[in-house]
Amino acid sequence: MKIIVAGGDGFCGWPTAMYLAKQGHEVSILDNLVRRKYDDELHSNSLTPIASLQDRIARFKEVTGIEMKSYIGDLTHYDFLREVFRQTEPEAFVHFGEQRSAPYSMIDREHAVYTQSNNIIGTLNVLYAIKECAPECHLIKLGTMGEYGTPNIDIEEGYIKIKHNGREDILPYPKQPGSMYHLSKVHDSHNIMFACKIWGIRATDLNQGIVYGLHTDETELDPLLVNRLDYDGVFGTALNRFLIQAAIGHEITVYGSGEQTRAFLNIKDTIRCVEIAANNPADKGEFRVFNQFTEYFSMNDLAERVRKIATEEGLTPTVAHIENPRIEKEEHYYHAVNTNLVELGLEPNLLTDEVLKGILQSVLAHKERVITENVLPTVKWK
Ligand code: NAD
Ligand code: USQ
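Sequence positions are assigned chain by chain, starting from 1 and proceeding in written order. Going through the entries in the order they are written, you letter the chains from A and number the ligands from 1. Only residues with pLDDT of at least 70 are given local features in this predicted model, and only at 80 or more are side-chain atom pairs given and counted; all residues enter the totals for whole chains, interfaces and linings. Side-chain measures were taken over the full set of non-hydrogen atoms in the model, leaving aside hydrogen atoms and water.

A. Looking closely at the sheet that holds strand S5 (residues 138-144). For two strands to be treated as a pair, DSSP must find at least two bridges joining them. Put simply, DSSP H or I for four residues or longer makes a helix, DSSP E for two residues or longer makes a strand, and each gets a number counted from the N terminus. The seven strands are arranged S3-S2-S1-S4-S5-S8-S12 in an open sheet whose pairing can be described as parallel. Where the open sheet ends on each side, the last strands, each with one partner, are strand S3 (69-72) and strand S12 (287-292). On average, adjacent strands in this sheet sit at an angle of 20° to one another, irrespective of strand direction. Contacts from helix H3 (residues 53-64) reach strand S2 (26-31) and S3 within the one sheet, and its direction differs from that of S3 by about 175°. Lines fitted to C-alpha atoms define the axes here, with helix axes fitted over just the stretch in contact, and angles between the N-to-C directions of these axes take values from 0 to 180 degrees. Residue contacts are defined here by distance: any two heavy atoms, one from each residue, within 4.5 Å place the two residues in contact.

B. Helix H1 (residues 13-22), seen in detail. Where burial is concerned, most of H1 is hidden: nine out of the 10 residues are buried. Relative accessibility under 20% of the residue-type maximum defines a buried residue, over 50% an exposed one, and the middle range a partly exposed one, all with a 1.4 Å probe and only protein chains included. Those residues of H1 that sit buried are Gly13, Trp14, Pro15, Thr16, Ala17, Met18, Tyr19, Leu20 and Ala21. Buried positions along H1 lie against strand S1 (2-6), S2, H3, strand S4 (92-95) and helix H9 (267-279). A positive backbone phi angle near 100° is found at Gly24, which sits one or two residues after H1.

C. Looking closely at the site of ligand 2. Nearness here has a simple test: a residue counts as near a molecule or strand if at least one of its heavy atoms is within 4 Å of that partner. Close to ligand 2 lie 23 residues, the nearest being Thr144, Tyr181, Ala238, Thr253 and Glu328. In this structure, an oxygen atom belonging to ligand 2 sits 2.8 Å away from a main-chain N or O atom of Gly146. A distance of 3.0 Å separates an oxygen atom of ligand 2 from a polar side-chain atom of His182. Look at ligand 2: alone it shows 730 Å² of surface, and the protein chains cover 95% of it. Considering every element that reaches the shell around ligand 2, the biggest residue donor is strand S10 (residues 252-255), with three residues. For the shell around ligand 2, the per-class residue count stands at nine nonpolar, nine polar and five charged. We define a polar contact as two N or O atoms separated by no more than 3.5 Å, with the added condition that, inside protein, one atom must be a possible hydrogen donor and the other a possible acceptor, whereas residues neighbouring each other in sequence contribute only through side-chain atom pairs. Surface accessibility follows the Shrake-Rupley procedure with a 1.4 Å probe radius. Residue values consider only the protein chains on display as shielding. Nonpolar residues are Ala, Val, Leu, Ile, Met, Phe, Trp, Tyr, Cys and Pro. Charged residues are Asp, Glu, Lys and Arg, and all others, Gly as well, are polar.

D. Expanded view of the UniProt feature "domain: NAD-dependent epimerase/dehydratase" (unreviewed entry) in the protein. UniProt positions are given in the numbering used here, feature names are shortened, and annotations may be inferred rather than shown by experiment. Residues annotated by UniProt as "domain: NAD-dependent epimerase/dehydratase" (unreviewed entry) correspond here to residues 3-291. Secondary structure across residues 3-291 comprises 39% helix and 21% strand; the distance between its end C-alpha atoms is 22 Å.

E. Fine view of the site of ligand 1. Neighbouring ligand 1 are 27 residues; Cys12, Asp31, Asn118, Tyr181 and Lys185 lie closest to it. The separation between an oxygen atom of ligand 1 and a polar main-chain atom of Cys12 is 2.7 Å. Asn32 has a polar side-chain atom sitting 3.1 Å from a nitrogen atom of ligand 1. For ligand 1, whose unbound accessible area comes to 830 Å², protein coverage reaches 98%. Contributing elements (two or more residues each) for the shell around ligand 1: helix H2 (34-42), S5, helix H7 (180-199) and strand S9 (210-212).

F. Local environment of the packing of helix H8 (residues 240-248) against helix H12 (residues 353-364). Two elements in contact, H8 and H12, have axes separated by 9 Å at closest approach and are oriented at 55°. Taken together, H8 and H12 sit at an angle that is classed as oblique. When the axes of H8 and H12 are compared, the crossing they make is right-handed. Contacts from Asn240, Leu243, Ile244 and Ala247 of H8 reach H12 at Leu356, Ile359, Leu360, Val363 and Leu364. Classifying every residue of the contact of H8 with H12 by side-chain character gives eight nonpolar, one polar and no charged. In what follows, roughly perpendicular refers to angles from 65 to 115 degrees, roughly parallel to angles under 35, roughly antiparallel to angles over 145, and oblique to any angle outside these ranges. Crossings are sorted by hand: turned counterclockwise from the far helix by less than a right angle, the near helix makes the crossing left-handed, and turned clockwise it makes it right-handed.

As structure tokens, then:
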């Protein structure tokens, strides 16, 4: 298949692009490299030293003999995007190319406006480019489990059957997102659903949980192919952050009571889920939603798991409950369905102690790169 991976220089996109290329697909990476600029803005860095996109692609070719094309440009620039579509004639468009940090979107008005315009206009342009240039192309869009929030009922995969005043319908599942970033994903979902309905576009919205880990078979082929890994209070995510904190002797920062529960998956499953979606395209006009996660944990569970593993490795980690910088429910019901991807063949890589130890070892190898001042959260929701 001819596949565009938008956001292919990022944490999920880079390993996905290499994996799809290794499976024999013709992969083109599209990215505006803005993720590297956020690091400059925040005086932060990836825990792992990452090469430029050009160097990554060149080394991937040296190691595997496989060529990937790259298009450096912005999804919000329609002329650029249309030209990429014309040159590549994609059969699938994997869309990771958004600003993805909830804290970044909550810094101030400018960052909220940037996040929503970058994400929503970018996705809207992708929908128009598919309509105009490649109407058969399957859009595989990264959404997020956080679109649903934490309702007091089971979370279904995209839709829910509702009975009201004696009548029944299947409707989009209610959304209660928790940040300006998560809201951008909800707006994207609505735009995609509408485009599927009116233009007959085929789309899969992958409502992904929090991704942990960094290595995949391809990132381990060569040091220059290593994935980025975020740890700071703005872009670092739970579990990866906890492991890095344990590695550098920083207290493990559980926000508030720590009973917040979230859905998680290993980066190795992210790439496989995207492959499954690509190999099993949505029908024309279908807006399909898959919940892309393998397990869920409370922050307390994760902090304790990391504390135990790190102690076994000879470290002396401690867990601290710090003031929650976010406005979110800390005690809530959480049960989400995730059967669609498993039914299509996903075999989950679950979070065993072995897996945790493996990530901790990888992290320890780069721990001197951590800028300690960036570890505590600085962005508040209020
Ligand atoms: P990332 O920031 O590492 O990668 C995103 C990439 O998109 C970056 O390389 C960035 O330069 C690029 N990009 C951003 N805006 C762009 C634009 N307008 N035009 C072109 N390129 C642009 O993020 P990630 O962690 O790889 O996440 C990828 C996707 O998966 C995001 O949409 C995110 O919302 C979603 N997601 C991520 C996680 C997670 O835990 N990392 C969990 C659920 C969903
Ligand atoms: N948390 C802590 N301590 C920390 C960091 C976070 O307790 O040091 C808590 C937060 O309060 C929150 C939970 O962990 O309750 C998750 O926070 P996070 O920063 O790991 O994840 P989140 O902001 O939800 O965003 C991440 C990605 C985003 C993706 C989302 C998936 O950055 O792109 O959409 O995970 S989901 O959470 O399912 O919406």
